Amino acid sequence: MLYVIYCKDNPTTPTRRDEFYDAHRAYLKSAPIKILVAGPYTAINSDNKTGSLLIVEAETLEQAVDFQRNDPFALNGVWSEVSVNPFIKSIDQR
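Residues numbered from 1 in each chain as written. Predicted model: local features only at pLDDT ≥ 70, side-chain atom pairs only at ≥ 80, totals over all residues. Heavy atoms only, no water.

Caption draft 1: Quick peek at the sheet that holds strand E2 (residues 34–42). On the basis of which strands lie adjacent, the open sheet formed by 4 strands has the order E2-E3-E1-E4 and antiparallel pairing. If you trace the sheet from one side to the other, it starts and ends with E2 and strand E4 (79–87), each paired once. If you compare each strand with its neighbour and ignore which way they point, the axes differ by 15° on average. Here 8 bridges tie E2 to strand E3 (residues 49–57), and the two strands are oriented antiparallel to one another. Along E3, the bridge assignment pairs Tyr41 with Gly51. Relative to E4, helix H3 (residues 61–69) is tilted by about 155°, and along the sheet it contacts strand E1 (2–9), E2, E3 and E4. (Pairing = 2+ DSSP bridges. Helix = DSSP H or I, 4+ residues; strand = E, 2+ residues; numbered from the N terminus. Axes fitted to C-alpha atoms, helices over the stretch in contact; angles between N-to-C directions. Contact = heavy atoms within 4.5 Å.)

Following this line, the structure appears as structure tokens:
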């Protein structure tokens, strides 16, 4: 099953993303689930990163949530808001 993980950065700790970037990347590379798409999103009209978006394939919602909760960004307060939702792909033009 596919899941969208939408994470909004904590605006009170703007440097946390940079502090834990290497640990976050290492975690993604060793992910126990399949990551289809992942990356930061930015503020409108700016390159300032304001959150993260991931589309993952996991066996259960709990597995996707556990994956998100163990991310160094989650463990170290980079994200202030997170949602993990099932996703139904209807178009893929890759």
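Caption draft 2: Just the pattern of salt bridges, in detail. Taken as a whole and assessed by the stated rule, the structure comprises 5 salt bridges. Across the pair Glu81 and Lys8 runs a salt bridge whose closest N-O atoms are separated by 4.0 Å. Of the two residues, Glu81 is situated in strand E4 and Lys8 in strand E1; the sequence distance between them amounts to 73 residues. According to the relative accessible area criterion, Lys8 is partly exposed, its value standing at 38%. For Asp92, the salt bridge identified is with Arg94, shortest N-O distance 2.7 Å. On the basis of relative accessibility, which here comes to 35%, the residue Asp92 falls in the partly exposed class. (Salt bridge = Lys/Arg side-chain N within 4 Å of Asp/Glu carboxyl O. Buried < 20%, exposed > 50% of the residue type's maximum accessible area, 1.4 Å probe, protein only.)

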